[in-house]
Amino acid sequence: MNPSATDIDHLERIDRSPEAWRLATAAYDALLDLLTSLSPEEWERPTVCEPWSVADMVRHLLGAAEAHASIPEFLRQQVWAMGHKGEYDGNALDAWTGLHIRRHADVEPDALLARLRDVAPRAVRARSRFPALPGRIPVPVDATGNTATGSPDRVTLGELNTVIFTRDTWLHRIDIARAVDREPNIDPDIDSRIVEDVVIEWAHRHGAPFRLTLTGPAGGDYAQGADGPEMELDAVRFAWILSGRDDPAPNAPGAELLTARVLF
């Protein structure tokens, strides 16, 4: 365990700044690079987000990017999700992502890739122009469906726009890489900053002392308070656990702290 771990209090969250949009663009670029390399068979592989295939996951990402690129489209999708959440265990977020799959169900991989490549820059540009005042509006997170136990019960529109939409793109790239049995291409400059922001939010959510070493190119050493458990995890697996995709080893130091999820 690194004795010179960075105190969480000395770190800053990603906020409405050029950094946020640089990270959002980089997340899309890395995703598109991976998708370009996939074979037809790999597009049909199952992912950890059952029952989605890789193609379904890209259908969701395309639908989400279309919403991000246009406030009227975002509102239309949200109205549909609220009206159909009963079909998704009462979870409006699951209904929203379900809409993306339905809408693009007949779109083939080459067209999915071309459409996502076209809309991604417009999505980031529109997010960068999202007004600050509406960003303060809180949005409830339904504790049903695919929402991981221990997730926050609400989030602001600003947090969604600035941070979580980028996390979603980032983690789905990891999902796809794992689905096709590849090591994700990790950029220490980009991926470590996204993971660091996750660590900060997670630490603030549970408030308990800890020392955490995250290994791999996206890793780092972090601490909060004194006399907490000493934890060591691969940085990408840490994100998987906090998203609800995996569980920590039950007897590992600090395992109970990892039940405080964050949104992706």
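Here goes a summary of the coordinates provided. (Residues numbered from 1 in each chain as written. Predicted model: local features only at pLDDT ≥ 70, side-chain atom pairs only at ≥ 80, totals over all residues. Heavy atoms only, no water.)

**Overview of the overall build of the protein**
Here is step 1 of the chain: Of regular secondary structure, the protein possesses nine helices and six strands.
Here is step 2 of the chain: Relative to the globule expectation of 18 Å for 264 residues, the C-alpha radius of gyration of the protein, 18 Å, shows essentially globular dimensions.
Here is step 3 of the chain: C-alpha extents for the protein along the principal axes are approximately 55 × 40 × 35 Å.
Here is step 4 of the chain: Of the contacts formed within the protein by residues at least 6 apart in sequence, a portion of 64% connects residues at least 24 apart.
Here is step 5 of the chain: Summed over all atoms, the accessible surface of the protein reaches about 12,300 Å², with 52% contributed by carbon and sulfur. (Helix = DSSP H or I, 4+ residues; strand = E, 2+ residues; numbered from the N terminus. Rg over C-alpha atoms; globule rule 2.2 N^0.38 Å. Contact = heavy atoms within 4.5 Å. Areas by Shrake-Rupley, 256 points an atom, 1.4 Å probe, with all protein chains shown as cover.)

**Section: the layout of surface pockets**
Here is step 1 of the chain: Taken as a whole, the largest pocket encloses approximately 1,300 Å³ of empty space.
Here is step 2 of the chain: In terms of residues, the lining of the largest pocket owes the most to one element, helix α5 (residues 92–103), which gives seven residues.
Here is step 3 of the chain: Its residues assigned to classes, the lining of the largest pocket comprises 24 nonpolar, 12 polar and seven charged.
Here is step 4 of the chain: Looking at the second largest pocket, its volume works out to about 270 Å³.
Here is step 5 of the chain: Residue assignment for the lining of the second largest pocket shows that the elements contributing at least two residues are α3 (54–68), α4 (71–84), α6 (109–128) and α7 (157–179).
Here is step 6 of the chain: Tallied by class, residues from the lining of the second largest pocket come to 10 nonpolar, four polar and two charged. (1 Å grid on protein atoms, 1.4 Å probe; cavity = no way out; pocket = protein on both sides within 12 Å on 5 of 7 lines; lining within 4 Å. Points joined across faces, edges and corners; volume = space filled by probe spheres on them. Nonpolar A, V, L, I, M, F, W, Y, C, P; charged D, E, K, R; others polar.)

**Notes on the pairing of strand β5 (residues 220–224)**
Here is step 1 of the chain: Where burial is concerned, most of β5 is hidden: four out of the five residues are buried.
Here is step 2 of the chain: Of the pairings in the sheet, the one linking strand β1 (residues 6–7) to β5 comprises two bridges and is parallel in character. Looking at the pairing, Asp7 lines up with Ala223 of β5.
Here is step 3 of the chain: In the sheet, strand β4 (residues 210–215) pairs with β5 via five bridges, with the strands oriented antiparallel. Among the inter-strand pairings, Leu214 is bridged to a residue of β5, identified as Gly220. (Buried < 20%, exposed > 50% of the residue type's maximum accessible area, 1.4 Å probe, protein only. Pairing = 2+ DSSP bridges.)

**Some remarks on the pairing of strand β6 (residues 230–234)**
Here is step 1 of the chain: Residue alternation in β6 divides its side chains into a buried set, Met231 and Leu233, and an unburied set, Glu230, Glu232 and Asp234.
Here is step 2 of the chain: Sheet topology places β4 next to β6; five bridges connect them, and they run parallel. Looking across to β6, one finds that Leu212 is bridged to Met231.

**Things to note about the side chain of Gln224**
Here is step 1 of the chain: Along the chain, the position of Gln224 falls in strand β5.
Here is step 2 of the chain: Of the polar contacts made by the side chain of Gln224, one reaches the backbone oxygen of Ala203; its length is 3.2 Å.
Here is step 3 of the chain: For Gln224, the side chain forms a polar contact with the main-chain oxygen of Ala208, separated by 2.8 Å.
Here is step 4 of the chain: If near-sequence neighbours (up to four positions away) are discounted, Gln224 is found in contact with Ile8, Ala203, His204, His206, Gly207, Ala208, Pro209 and Phe210. (Polar contact = N/O pair within 3.5 Å; in protein donor to acceptor, adjacent residues only side chain to side chain.)

**Some thoughts on the packing of helix α1 (residues 18–36) against helix α8 (residues 188–206)**
Here is step 1 of the chain: Here α1 crosses α8 at 115°, and the two axes come no closer than 10 Å. Here α8 runs roughly perpendicular to α1, going by the angle between their axes. For the crossing formed where α1 meets α8, the hand is left-handed. Touching Glu19, Arg22, Leu23 and Ala26 of α1 are Asp189, Ile190, Arg193 and Ile194, all from α8.
Here is step 2 of the chain: The residue makeup of the contact of α1 with α8, split by class, is four nonpolar, no polar and four charged. (Axes fitted to C-alpha atoms, helices over the stretch in contact; angles between N-to-C directions. Parallel < 35°, antiparallel > 145°, perpendicular 65-115°, else oblique. Left-handed = near helix turned anticlockwise from the far one by under 90°.)

**Some details on the packing of aromatic side chains**
Here is step 1 of the chain: With the rule as written, the count across this model stands at four aromatic pairs.
Here is step 2 of the chain: Relative to Phe210, the ring of Trp202 lies with its centre 4.8 Å away and its plane at 55°, an arrangement referred to as tilted. Per residue, the accessibility class of Trp202 equals that of Phe210, and both read buried.
Here is step 3 of the chain: Centroid distance Trp202 to Phe238: 5.3 Å. Interplanar angle 90°. Geometry classified as edge-to-face. Of this pair, Trp202 sits in helix α8 while Phe238 is found in helix α9 (residues 235–243), placing the two residues 36 residues apart along the sequence. The burial state of Trp202 is the same as that of Phe238; both residues are buried. (Phe/Tyr/Trp six-rings, centres within 6.5 Å; stacked < 30°, edge-to-face > 60°.)

**What to know about unusual backbone geometry**
Here is step 1 of the chain: A cis amide bond, omega 0°, links Glu50 with the succeeding residue Pro51.
Here is step 2 of the chain: One can find Pro51 in the loop between α2 (40–43) and α3.
Here is step 3 of the chain: Residue Asp181 is not a glycine yet carries a positive backbone phi of 60°.
Here is step 4 of the chain: Summarising the element assignment, Asp181 is placed in the loop between α7 and α8.

Structural measurements only, silent on function.
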